[in-house]
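Observations on the three-dimensional arrangement
Below are the chains, spelled out letter by letter.
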Amino acid sequence: MANQVNAPRGMRDFLPVEASMRQDLISKISNAYFSRGFQSIETPLLEDLDRLLSGQGGDNEKLVFKVQKRGEELERAIAQGEELADLGLRFDLTVPLTRYYASNQSKLPRVFKAMQIGPVFRAERPQKGRYRQFMQCDIDIIGDDSVSAEAELVTASLAALQSIGLNGATIRINHRDLLRSNIEALGIADSDALAAMIVIDKLDKIGIEGVAGELGELFGMGVADKAASWLKELDAREFPELLRPLVEAVGGSAEYLRFDPTLVRGMGYYTGTIFEIEHPDASSSIGGGGRYDGMVGKWLGKDVPAVGISLGFERIADLLGESSASSQFEVLVYE
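Residue numbering note: each chain is counted from 1, following its sequence as written. Note on the predicted model: pLDDT of at least 70 is required for a residue's local features to be given, and 80 or more for side-chain atom pairs to be given and counted; whole-chain, interface and lining totals, by contrast, use all residues. Think of the side-chain values as coming from all heavy atoms in the structure, minus any hydrogens and water.

All right, on to the overall build of the protein then. If you tally the helices and strands in the protein, you get 13 helices and 11 strands. What you see for the protein is a C-alpha radius of gyration of 21 Å, in line with the 20 Å of a compact globule of 335 residues. Across its three principal axes, the protein shows a C-alpha extent of roughly 70 × 60 × 55 Å. When a residue's accessible area, from a 1.4 Å probe over protein chains only, is under 20% of the maximum for its type it is buried; when over 50% it is exposed; and in between it is partly exposed. Per-residue burial over the protein gives 48% buried out of 335 residues. Throughout, the Shrake-Rupley method with a 1.4 Å probe supplies accessible areas, and for residues the shown protein chains are the sole cover considered. Carbon together with sulfur atoms contributes 48% to the accessible area of the protein, which is approximately 17,100 Å² in total. For helices the rule is a DSSP run of H or I covering at least 4 residues; for strands it is a run of E covering at least 2, with both sets numbered from the N terminus onward. Radius of gyration means the value over C-alpha atoms here, while the globule rule gives 2.2 Å times the residue count to the 0.38 power.

In structure tokens form, the structure reads like this:
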């Protein structure tokens, strides 16, 4: 009996029909972004491990595939009890982009509209909708601190989704300053804000009582009571003053925006507006992003405004389903 020869766990092979469908989706998404002035870039799959573990990637930093040192460097590291790895596979496209911009700033326009589509890697437990290798489709605007940059990302993302026939998507938005203000109103110190955000981010999974209970365990029952009241009063979610300029800037696309004061986004590098894209037929988000004004400066030595949105390609492809592929593409068989 022949041994099974499978792709590594959490990674997949694609048959010709599937590969054709994926290439067609990527082409349509790319064209939607190209038509809006975004320029394609490429970055290496590997980055310096210190850069990937710089403290800005949230829980994803725990999921880095590390690449071991080689030759004399490895022998020296073993002898001296040092870290055996010096490189890692990228876990998203934002960290490589900010390094890319810092490396090539002199060759790029003052306001740079970047598009990057490629695989990323996370060493997590594979399950439905979660893989260890998966594609992301990112657009970012670096060098523009105005709300027009955020509006452009919102409208371009909606257009890209519509170009592949995925209508009905909405974008939840929040602002990190609003989130921190709400957390402070609960009686939680700013130094504990990130810990509180991690709990609030579980709202969809554990509900209001679950979030209030966990906050109570961390910060006391007074905080738990305030949190429960706050979360129960969120039905009327009108856009606050801070986010109204964005709503006005997107024009007719404003009907696809929804204010969500509990939206967190897990990455530690977000500094302002945050986004999450959802679809009624998807059980989880199909994209997200936000403003990360402090990240480029970490490599460049001076602050540069930046904002981006990423489409979760695998979830979108799964959502569209194989039936659409089989109706459009034919597998060629040569005798």
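Moving on, there is more to tell.
Reading across the sheet, the 8 strands line up as β1-β5-β6-β11-β10-β9-β7-β8 and stay open at both edges, with mixed pairing between neighbours. Edge positions in the sheet fall to β1 (39-40) and β8 (257-259), since each of these pairs with one other strand and no more. Sheet analysis places strand β5 (residues 112-121) next to strand β6 (residues 133-142), joined by 10 bridges and oriented antiparallel. Directly across from valine 120, in β6, lies its bridge partner phenylalanine 134. Along the sheet face, helix α6 (residues 176-185) touches β7 (170-175), β8 and β9 (273-278) and points at about 60° away from the line of β7. Any two strands between which DSSP finds at least two bridges are classified as paired. What makes two residues a contact is simply this: any of their non-hydrogen atoms within 4.5 Å. Think of each axis as a best-fit line through the C-alpha atoms, taken over the contacting stretch in the case of a helix, with angles from 0 to 180 degrees between the N-to-C directions.

We now examine the packing of aromatic side chains. Here a Phe, Tyr or Trp ring, Trp counted by its six-membered ring, pairs with any other such ring whose centre lies within 6.5 Å, and the pair is stacked when the planes are under 30 degrees apart, edge-to-face when over 60, and tilted otherwise. Here the structure, examined in full by the defined rule, presents 4 aromatic pairs. For the pair tyrosine 269 and tyrosine 270, a centre-to-centre distance of 5.0 Å together with 75° between the ring planes defines the contact as edge-to-face. Residue classification places tyrosine 270 among the buried positions, given a relative accessible area of 9%. The ring of tyrosine 131 carries arginine 12 above its face, with NZ or CZ at 3.7 Å from the centroid. Remark: a charge is flagged as sitting over a ring if the NZ atom of Lys or the CZ atom of Arg is within 6 Å of the ring centre and within 35 degrees of the ring normal. Over the face of the ring belonging to phenylalanine 38 we find lysine 113, whose NZ or CZ atom lies 4.8 Å from the ring centre.

For this analysis, a salt bridge means a side-chain nitrogen from Lys or Arg found within 4 Å of a carboxyl oxygen belonging to Asp or Glu. If you walk through the whole model with that rule in mind, you get 21 salt bridges. Between arginine 51 and aspartate 48 there is a salt bridge, with the nearest N and O atoms lying 3.6 Å from each other. We classify aspartate 48 as partly exposed; its relative accessible area is 39%. Note that aspartate 190 is salt-bridged to arginine 180, the shortest N-O span being 3.0 Å. Placement of the pair is aspartate 190 in the loop between α6 and α7 (193-200) and arginine 180 in helix α6, with a sequence separation of 10 residues. A relative accessible area of 56% means that aspartate 190 is categorised as exposed. Salt bridges linked by common partners bring Arg172, Arg258, Asp260, Arg265, Glu276 and Glu278 together as one network.

Attention now moves to the environment of serine 163. Locating serine 163 in the fold gives a position in helix α5 (residues 147-163). Given the relative accessible area of 30%, serine 163 is considered partly exposed. Through-space distance from the C-alpha of serine 163 to that of alanine 32 is 7.0 Å; in sequence the pair is 131 residues apart. Other than its neighbours up to four places away in sequence, serine 163 contacts Lys28, Ile29 and Ala32.

Helix α8 (residues 203-219) packs onto α7 with a crossing angle of 150° between their chain directions and a minimal axis gap of 8 Å. Put simply, α7 runs roughly antiparallel to α8. In this structure, α7 uses Ala195, Ala196, Val199 and Ile200 to contact α8, whose residues at the interface are Leu203, Val211, Glu214, Leu215, Leu218 and Phe219. By the convention adopted, Pro, Cys, Tyr, Trp, Phe, Met, Ile, Leu, Val and Ala count as nonpolar, Lys, Arg, Asp and Glu as charged, and the other residues, Gly among them, as polar. A breakdown of the residues in the contact of α7 with α8 according to their chemical character gives 9 nonpolar, no polar and 1 charged. The cut-offs work like this: below 35 degrees is roughly parallel, past 145 is roughly antiparallel, 65 to 115 is roughly perpendicular, and the gaps in between are oblique.

Turning to the pairing of β6, a few remarks are in order. For β6, the tally of buried residues reaches 9 of 10 residues, placing the bulk of the element in the interior. The pairing of β6 with strand β11 (residues 306-312) spans 7 bridges and is antiparallel. From the neighbouring strand, aspartate 140 faces β11, where its bridge partner is glycine 308.

A word on the side chain of histidine 175. When you line up the elements, histidine 175 lands in strand β7. Look at histidine 175 and you get buried, because its relative accessible area is 10%. Distance and chemistry together define a polar contact, namely a pair of N or O atoms within 3.5 Å, with one atom able to donate a hydrogen and the other to accept it when in protein, and with adjacent residues in sequence counting only for side-chain atoms on both sides. Among the polar contacts listed, one links the side chain of histidine 175 to the backbone nitrogen of aspartate 177, at a separation of 3.0 Å. Dropping the residues within four chain positions of it, histidine 175 is found in contact with Leu242, Leu243, Thr271, Gly272, Thr273 and Ile274.

Further remarks concern α7. Within α7, the full set of buried residues consists of Ala193, Ala196, Met197, Val199 and Ile200. Viewed end-on, α7 has its buried residues packed into an arc of 160°, placing them on one side of the element. Note: the arc covers the axis-to-C-beta directions of the helix.

Quick look at the nonpolar core now. Counting 42 residues, the largest nonpolar core has Tyr33, Leu161 and Leu311 as the members making the most contacts within it. It is α5 that contributes the most residues to this core, 8 residues altogether. Not counting residues up to four positions away in its chain, the partners in contact with leucine 161 are Leu166, Ala169, Ile277, Ile286, Leu311 and Ile316. If you look at the next biggest cluster of nonpolar residues, it comprises 23 residues, including Ile41, Tyr101, Tyr269 and Val304. We call a set of buried Ala, Val, Leu, Ile, Met, Phe, Trp, Tyr and Cys residues a nonpolar core when their side-chain atoms join them within 4.5 Å.

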